[in-house]
Amino acid sequence: MAETRILLADDHALVRRGVRLILDAEPDLTVVAEAADGAEAIGLAQEHRPDLAVLDIAMPRLTGLQAARELSRSTPDLRILILTMYDNEQYFFEALKVGASGYVLKSVADRDLVAACRAAMRGEPFLYPGAVNALVRHYLDRVRDGEGVPARAITGREEEVLKLVAEGHSSRQIADLLYISVKTVERHRANLLQKLGLRDRLELTRYAIRVGLIEP
């Protein structure tokens, strides 16, 4: 069986260690790089050219979903798995939308993660078994009611700016991290306040915590 080279991204070192133990115990799976946030994951993917990225959702600088969106654009042959504690329909649909092959819960990683990695490398989707019926049922209910897949309130770039604002970065720091001008950062910030009906940085931070962009 061909060896699958894996990039692992999670902001908790203990979690990375546990996941690495699970993966490295398999003869066909090898972790070649570890990242502590989404931005680092993107850089390491360019450097190491792994076959598969396993990404947590809630990470500093860029979330796993933001990193997956960028990796799908920049490295289209890379397979992506989301490994998360969030049993959440919105995140599931968003993960599929940004190009992930599967969605695995941390609580059952010892049972499902190896199978999910192999499924991703075969080009097959993977969902943790207990969620399949519920997710299909919720989706069909939405379609029946004319709602469709949950819509995004803000753009991908606005989400990146929101996360960095909530983490306490200045407009200049955000501009440098995202390679855009300070004026563009301020425009995105104004759009966020208007779209979300919020007043200031504190309310933006509370919103970012509520939707899982940062941890409280």
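The structure presented is a predicted model; accordingly, all values stated were derived computationally and were not measured.

1. Thoughts on the UniProt feature "modified residue: 4-aspartylphosphate" (unreviewed entry) in the protein chain
Using the residue numbers shown here, the UniProt feature "modified residue: 4-aspartylphosphate" (unreviewed entry) corresponds to Asp56. Tracing the backbone shows Asp56 in the loop between strand 3 (52-55) and helix 3 (64-74). On the accessibility criterion, Asp56 (5% relative accessible area) is buried.

2. Some remarks on unusual backbone geometry
Backbone geometry at Arg49 places phi at a positive 50°, although glycine is not the residue there. Within the element layout of this structure, Arg49 appears in the loop between helix 2 (38-48) and strand 3. The class of Arg49 is partly exposed, set by a relative accessible area of 47%. Within the chain, Tyr179 stands out as a residue other than glycine whose phi angle is a positive 60°. When you line up the elements, Tyr179 lands in the loop between helix 8 (171-178) and helix 9 (182-196).

3. Notes on the nonpolar core
Among the nonpolar cores identified, the biggest contains 29 residues, and Leu55, Leu71, Ile82 and Tyr103 are the most heavily contacted of them. Mapped by element, the contributors of at least two residues to this core are strand 1 (4-9), strand 2 (29-35), helix 2, strand 3, helix 3, strand 4 (79-84) and helix 4 (89-97). Setting aside anything within four residues of it in sequence, one finds Leu55 in contact with Ala9, Ala41, Gly64, Ala67, Ala68, Leu71, Ile80, Leu81, Ile82 and Leu83.

4. Section: the pairing of strand 3
The side-chain alternation of strand 3 yields two buried faces, one formed by Leu52 and Val54 and the other by Ala53 and Leu55. Bridge count for strand 1 against strand 3 is four bridges, and the pairing is parallel. Looking at strand 3, one finds that Leu7 is bridged to Ala53. Bridge count for strand 3 against strand 4 is four bridges, and the pairing is parallel. Directly across from Leu55, in strand 4, lies its bridge partner Ile82. As for the winding sense of the linkage, the β-α-β connection from strand 3 through helix 3 to strand 4 is right-handed.

5. Focus: the packing of helix 2 against helix 3
At their nearest, the axes of helix 2 and helix 3 sit 9 Å apart, and the two run at 20° to each other. Judged by the angle between their axes, helix 2 and helix 3 are roughly parallel. Crossing angle aside, the handedness with which helix 2 passes helix 3 is right-handed. Taking contact as the criterion, the partners of Gly38, Ile42, Ala45 and Gln46 in helix 2 are, on helix 3, Ala67, Glu70, Leu71 and Ser74. For the contact of helix 2 with helix 3, the class distribution of residues is four nonpolar, three polar and one charged.

6. Re the packing of helix 9 against helix 10 (residues 201-210)
Packed helix pairs are specified by the crossing angle of their axes together with the interaxial distance, meaning the distance between the axes. At a minimum axis distance of 11 Å, the contact between helix 9 and helix 10 shows a crossing angle of 70°. Taken together, helix 9 and helix 10 sit at an angle that is classed as roughly perpendicular. As for how helix 9 packs across helix 10, the hand of that crossing is left-handed. Listed contacts from helix 10 to Arg189, Leu192, Leu193 and Leu196 of helix 9 are Arg201, Leu204 and Tyr207. Residue classes in the contact of helix 9 with helix 10 are distributed as five nonpolar, no polar and two charged.

7. A short note on the sheet that holds strand 3
The six strands are arranged 2-1-3-4-5-6 in an open sheet whose pairing can be described as parallel. The two strands at the open ends of the sheet, each matched to only one other strand, are strand 2 and strand 6 (126-127). Packed on one face of the sheet, helix 1 (residues 13-24) meets strand 1, strand 2 and strand 4 and runs near 160° to strand 2.

Rules and cut-offs
- Residues numbered from 1 in each chain as written.
- Predicted model: local features only at pLDDT ≥ 70, side-chain atom pairs only at ≥ 80, totals over all residues.
- Heavy atoms only, no water.
- UniProt positions renumbered as here; feature names shortened; annotations may be inferred.
- Helix = DSSP H or I, 4+ residues; strand = E, 2+ residues; numbered from the N terminus.
- Buried < 20%, exposed > 50% of the residue type's maximum accessible area, 1.4 Å probe, protein only.
- Core = buried A, V, L, I, M, F, W, Y, C linked by side-chain atoms within 4.5 Å.
- Contact = heavy atoms within 4.5 Å.
- Pairing = 2+ DSSP bridges.
- Right-handed = clockwise from strand over helix to strand, strands pointing away.
- Axes fitted to C-alpha atoms, helices over the stretch in contact; angles between N-to-C directions.
- Parallel < 35°, antiparallel > 145°, perpendicular 65-115°, else oblique.
- Left-handed = near helix turned anticlockwise from the far one by under 90°.
- Nonpolar A, V, L, I, M, F, W, Y, C, P; charged D, E, K, R; others polar.

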